[in-house]
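# A look at the structure
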Amino acid sequence: MNSEFVQVATLGKSVGLKGYLKLHNKSDFIEQFKKDSKFFDEKGAEFVIKHFDKTNSTALFYGFEDVDLAKTLTNKTLYTTKELTRKSCKLKKNEYFYFDIIGLNVVENDEILGVATDIDDTTSNHLLEVKTAKKLVDLKLAKHFFIPYVDNFIVSVDLDLKQISVKNSKAILENS
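Under the annotation held in an unreviewed UniProt entry, the protein carries the name Ribosome maturation factor RimM and is attributed to Campylobacter mucosalis CCUG 21559. UniProt, in its Function (unreviewed entry) section for the protein, records the words "An accessory protein needed during the final step in the assembly of 30S ribosomal subunit, possibly for assembly of the head region. Essential for efficient processing of 16S rRNA. May be needed both before and after RbfA during the maturation of 16S rRNA. It has affinity for free ribosomal 30S subunits but not for 70S ribosomes." Here is the UniProt Sequence similarities (unreviewed entry) comment for the protein, exactly as written: "Belongs to the RimM family."

Here it is as structure tokens:
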């Protein structure tokens, strides 16, 4: 899969007889699912939404307006490009796309603690997963640890410097 692609949804079972499919949103931006929005599968095939029903999260795609055709899309993962995401999804101040955060150095008091490898959004507070810097692993600290994505730990994100400044996070690492 091209690194410029971002997973945004998985298609579930067909709903009704017109070709609608249950859409399981894997993003924070439900507004990107609208008429004429383009998405891709893992092979680069394009899928364009003909109609999206926000109420029950179902989508109808051009060329799949029949229940039997729609069933061929069940369990398909949909992707979009980072460029399309930036155009269609508006961020508020101090909000970032996951793909901009992943890969940034995590720094506390000018010490690199590691690199952000993932964001766990299954809890009430998002957790930043960090792969610990080798020099700290060599000191017998955990290979991975999590930092709550809240003000008590995250100071700032600087995309130009490619780093996330944190506080109170080395203590989490030392106790992991």
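On to the UniProt feature "domain: Ribosome maturation factor RimM PRC barrel" (unreviewed entry) in the protein, then. Within this structure's numbering, the places UniProt gives as "domain: Ribosome maturation factor RimM PRC barrel" (unreviewed entry) are residues 99-167. This span, residues 99-167, is 10% helix and 49% strand, and a straight line between its end C-alpha atoms measures 22 Å.

A word on the UniProt feature "domain: RimM N-terminal" (unreviewed entry) in the protein. In the UniProt entry, the feature "domain: RimM N-terminal" (unreviewed entry) is given for residues 8-83. In residues 8-83, helix accounts for 9% and strand for 45%; the two terminal C-alpha atoms are 13 Å from one another.

Another point: the pairing of strand β10 (residues 144-148). Within a regular strand, the side chains alternate between the two sheet faces. Every second residue of β10 is oriented toward a common face, the buried set being Phe 145 and Ile 147 and the non-buried set His 144, Phe 146 and Pro 148. By the bridge criterion, five bridges tie strand β9 (residues 127-132) to β10 in an arrangement that is antiparallel. Looking at the pairing, Val 130 lines up with Phe 145 of β10.

Moving on, we get to the side chain of Glu 129. By the element assignment, Glu 129 lies in strand β9. We note that Glu 129 is buried and unpaired, the nearest opposite charge coming from Lys 131 at a distance of 10 Å. When neighbours within four sequence positions are excluded, Glu 129 is seen to be in contact with Val 115, Ala 116, Thr 117, Asp 118, His 144, Phe 145 and Phe 146.

Okay, the environment of Lys 90 next. Relative to the helices and strands, Lys 90 is located in the loop between α2 (82-88) and α3 (98-101). Sequence-distant contacts of Lys 90, defined by excluding residues within four places in its chain, comprise Phe 29 and Glu 31. Among the polar contacts listed, one links the side chain of Lys 90 to the backbone oxygen of Lys 87, at a separation of 2.9 Å.

To continue, consider the pattern of salt bridges. Inspection of every chain in the model, using the stated rule, returns seven salt bridges. Here Lys 76 ties to Asp 41 by a salt bridge, and the two come within 3.3 Å at their closest N and O atoms. Taken as a pair, Lys 76 in the loop between α1 (67-71) and β6 (77-81) and Asp 41 in the loop between β3 (38-40) and β4 (46-53) lie far apart in primary sequence, 35 residues in all. Using a relative accessible area of 17% as the deciding quantity, one classes Lys 76 as buried. Overall, the relative accessible area of 5% leaves Asp 41 in the buried class. Between Lys 87 and Glu 83 there is a salt bridge whose closest N-O contact spans 3.3 Å. Here Lys 87 pairs with Glu 83, and both are found in helix α2, just four residues apart, close to one helical turn. Each member of the pair, Lys 87 as well as Glu 83, is classed as exposed.

Pairs of aromatic rings are described using the distance from one ring centre to the other and the angle between the two planes. What the rule picks out here adds up to seven aromatic pairs. Here the aromatic rings of Phe 47 and Phe 61 are separated by 6.4 Å at their centres, their planes lie at 80°, and the arrangement is edge-to-face. Of the two residues, Phe 47 sits in strand β4 while Phe 61 sits in strand β5 (residues 58-61), which places them 14 residues apart along the sequence. For Phe 47, a relative accessible area of 7% puts it in the buried group. Seen from their ring centres, Phe 47 and Phe 64 are 5.8 Å apart, and the 40° between their planes marks the pair as tilted. Placement of the pair is Phe 47 in strand β4 and Phe 64 in the loop between β5 and α1, with a sequence separation of 17 residues. Its relative accessible area of 18% is what places Phe 64 among the buried residues. An aromatic cluster of three or more residues is present, and its members are Phe 29, Phe 97 and Phe 99.

Thresholds applied
- Residues numbered from 1 in each chain as written.
- Predicted model: local features only at pLDDT ≥ 70, side-chain atom pairs only at ≥ 80, totals over all residues.
- Heavy atoms only, no water.
- UniProt positions renumbered as here; feature names shortened; annotations may be inferred.
- Helix = DSSP H or I, 4+ residues; strand = E, 2+ residues; numbered from the N terminus.
- Buried < 20%, exposed > 50% of the residue type's maximum accessible area, 1.4 Å probe, protein only.
- Pairing = 2+ DSSP bridges.
- Lys, Arg positive; Asp, Glu negative; His and termini not counted.
- Salt bridge = Lys/Arg side-chain N within 4 Å of Asp/Glu carboxyl O.
- Contact = heavy atoms within 4.5 Å.
- Polar contact = N/O pair within 3.5 Å; in protein donor to acceptor, adjacent residues only side chain to side chain.
- Phe/Tyr/Trp six-rings, centres within 6.5 Å; stacked < 30°, edge-to-face > 60°.

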